[in-house]
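# Architecture at a glance
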Amino acid sequence: FTRLKDGLRRSTGKISDGITGIFTRSKLDDDTLEALEELLISADLGVTTATRLTEALAQDRYDKDITDEEVRRFLAREVGAILSPVAKPLTVNSGHKPHVILMAGVNGAGKTTTIGKLAKRFKQEGKSVMLAAGDTFRAAAIEQLQIWGQRVGVPVVAKPTGSDAAALAYEAVDSAVAQGVDVLLIDTAGRLQNRAELMAELAKVVRVIGKKVEGAPHDTLLVLDATTGQNAVHQVEVFQDMASISGLVMTKLDGSAKGGVLVAIADKFGLPVHAIGVGEAVEDLAAFDPDEFAEALVG
Ligand code: GDP
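Residues numbered from 1 in each chain as written. Predicted model: local features only at pLDDT ≥ 70, side-chain atom pairs only at ≥ 80, totals over all residues. Heavy atoms only, no water.

Before going further, it helps to spend a moment on empty space enclosed by the protein. Using the criterion set out here, one finds one cavity of 30 Å³ or more in the structure. Approximately 50 Å³ is the volume found for the largest cavity. For the largest cavity, the full set of lining residues is Gly 134, Ala 165, Ala 169, Ile 186, Asp 187, Thr 188, Ala 189, Leu 198, Glu 201, Leu 202 and Val 205. Counting only elements with at least two residues in the lining of the largest cavity, the list comes to helix 8 (165–179), strand 6 (183–187) and helix 9 (195–212). The element best represented in the lining of the largest cavity is helix 9, accounting for four residues. For the lining of the largest cavity, a count of residues per class yields seven nonpolar, two polar and two charged. (1 Å grid on protein atoms, 1.4 Å probe; cavity = no way out; pocket = protein on both sides within 12 Å on 5 of 7 lines; lining within 4 Å. Points joined across faces, edges and corners; volume = space filled by probe spheres on them. Helix = DSSP H or I, 4+ residues; strand = E, 2+ residues; numbered from the N terminus. Nonpolar A, V, L, I, M, F, W, Y, C, P; charged D, E, K, R; others polar.)

Written as structure tokens, this is what we have:
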């Protein structure tokens, strides 16, 4: 929690100080409401959510005296209520061996790092884990995943750069089945510049692994970088078009002033948020606690 609170300080500072600036000796009138709405939009909560929150406050307290602290409490409660339904820990109990998790997201979002962190977590829970370097397009992505595999102590299935991603995924699933592995995490490419090609590749990976293990992939997680702000909203739309996204992980919430985008995304899509990244180290994957997050965000 401290880590998240430290990390979100830039978002918190912005909203919290902004509220104080608006509501010092103030009544809730059109001007203060408009200023509050603008503040929430600038903190990346998105226009729809910012408007709805502001309207809810108006309904409650219009034309009455209100303190900055009361506004913060109100927002913390409302944001918590938006986030609560989407906060869902990642469970790997499909009953299948392996439980297959496909990891999607644009390059640099933190996919590889999140795979490493999740692998460590599952291993600590006593599960056997295997990784597949499915971003066969980038040599650096393959190497990074191999480094994570060594660090965490789990096997990594990899092929040379330029290999067919679906063939690699098939090989990994085959090997995981043969070895009775509990959880298989498959990395995927994130080159959005060539969307049609990426979409075809993802579809092929899904088709191939579904043939080998019933219901696979059992989870398709989209990794989003909090520092990209509103762009993350767009990424959810794009990836939902390309694959059947079952849940989200938001990274880089340490030190981002744009953490509010998670509220916009929760409000808009209602997709489960399974975990949050709060640093680069292996232990820096936190469970997503809606009330803690809301409080850390608005101060
Ligand atoms: P990928 O291209 O999606 O696989 O992204 P990587 O996993 O390689 O991550 C890109 C960069 O973001 C790396 O420098 C990571 O160390 C960093 N990173 C990933 N997750 C986090 C996080 O939660 N917090 C911070 N501060 N950095 C992160």
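What follows is about the site of the ligand. Neighbouring residues of the ligand: 17 residues in total, closest Gly 108, Thr 112, Thr 113, Asp 254 and Glu 280. Gly 277 has a polar backbone atom sitting 3.3 Å from an oxygen atom of the ligand. A distance of 2.4 Å separates an oxygen atom of the ligand from a polar side-chain atom of Glu 280. Taking 580 Å² as the accessible area of the ligand by itself, protein coverage stands at 78%. Of all the cavities here, the one that holds the ligand is the largest pocket. If one sorts the elements of the shell around the ligand by residue count, helix 6 (residues 111–124) sits on top with four residues. Among the residues forming the shell around the ligand, the class breakdown is three nonpolar, eight polar and six charged. (Near = heavy atom within 4 Å. Polar contact = N/O pair within 3.5 Å; in protein donor to acceptor, adjacent residues only side chain to side chain. Areas by Shrake-Rupley, 256 points an atom, 1.4 Å probe, with all protein chains shown as cover. Sits in = over half its atoms within 2 Å of the grid points.)

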